[in-house]
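# Structural description and commentary
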Amino acid sequence: MTEPATLIFRASLRARLYRDIEVSSSSTLADLAEAIVAAFGFDMDHAYGFYSKLTGKLFDSPQRFELFADIEGSGFRSVTGTRVIAAFQKLGSAMTFLYD
């Protein structure tokens with residue numbers, strides 16, 4: 001099965017405040033984060049991460065992808081080294097994007 005050329009994500013701050021974002025299937029989570037931040041008009045000047053838990057204690061998420069994952073013993077994966085297609089493997093997958 002071939003990968004799609006582009007992927008479309010819906011990023012929302014609230015139920016009626018959202019942006020649809022299109023990225024290449026070869027994009028990393030860092031690329032997606034930059035697109036989300038730009039779509040809402042924020043500056044890319046804070047730490048961030050993607051977490052598989054949608055509610056509750058995000059830092060207990062089974063899947064965690066963070067900006068500073070290269071720190072020894074962090075226990076999570078890097079946003080710069082993870083492709084979007086690997087993190088969101090199924091249609092309709094969702095994660096929390098935490099922008100500090």
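The following paragraphs examine the structure supplied in this document.

About the criteria used
- Residues numbered from 1 in each chain as written.
- Predicted model: local features only at pLDDT ≥ 70, side-chain atom pairs only at ≥ 80, totals over all residues.
- Heavy atoms only, no water.
- Helix = DSSP H or I, 4+ residues; strand = E, 2+ residues; numbered from the N terminus.
- Buried < 20%, exposed > 50% of the residue type's maximum accessible area, 1.4 Å probe, protein only.
- Contact = heavy atoms within 4.5 Å.
- Areas by Shrake-Rupley, 256 points an atom, 1.4 Å probe, with all protein chains shown as cover.
- Lys, Arg positive; Asp, Glu negative; His and termini not counted.
- Charge placed at Lys NZ, Arg CZ, Asp CG, Glu CD.
- Phe/Tyr/Trp six-rings, centres within 6.5 Å; stacked < 30°, edge-to-face > 60°.

## Here's the deal with the overall build of the protein
- Within the protein, the regular secondary structure consists of 2 helices and 6 strands.
- What you see in the protein, going N to C, is helices and strands ordered as β-β-α-β-β-β-α-β.
- Dimensions along the principal axes, computed over C-alpha positions, put the protein at roughly 35 × 35 × 25 Å.
- Within the protein, the proportion of its 100 residues that are buried is 35%.
- Sequence-distant contacts, at least 24 apart, represent 43% of the contacts inside the protein between residues at least 6 apart.
- Only carbon and sulfur atoms are counted for the fraction: they give 52% of the accessible area of the protein, which is about 6,700 Å².
- Here the protein carries 10 positive and 12 negative side-chain charges, and the mean point of each set is 12 Å from the other.

## Side note on the packing of aromatic side chains
- Taken as a whole and judged by the stated rule, the model has 6 aromatic pairs.
- Aromatic side chains F9 and F88 sit 4.9 Å apart centroid to centroid with 65 degrees between the ring planes, which places their arrangement in the edge-to-face category. On the criterion of sequence distance, the pair formed by F9 in strand 1 (residues 6-14) and F88 in the loop between helix 2 (84-87) and strand 6 (96-99) is long-range, its members being 79 residues apart.
- Overall, F9 belongs to the buried group, its relative accessible area being 16%.
- On the accessibility criterion, F88 (12% relative accessible area) is buried.
- Each member of the aromatic cluster is reached from another via a ring pair, and the members are F42, Y48, F50, F97 and Y99.

## Notes on the environment of R77
- You can see R77 is positioned in strand 5 (residues 77-78).
- Classification of R77 by relative accessible area gives partly exposed; the value is 45%.
- Residues R77 and F50, 27 residues apart in the sequence, show an inter-C-alpha distance of 9.8 Å.
- Excluding residues that lie within four positions of it along the chain, R77 makes contacts with R64, F65, E66, A69 and T82.

Any functional reading would require information beyond the geometric quantities listed.
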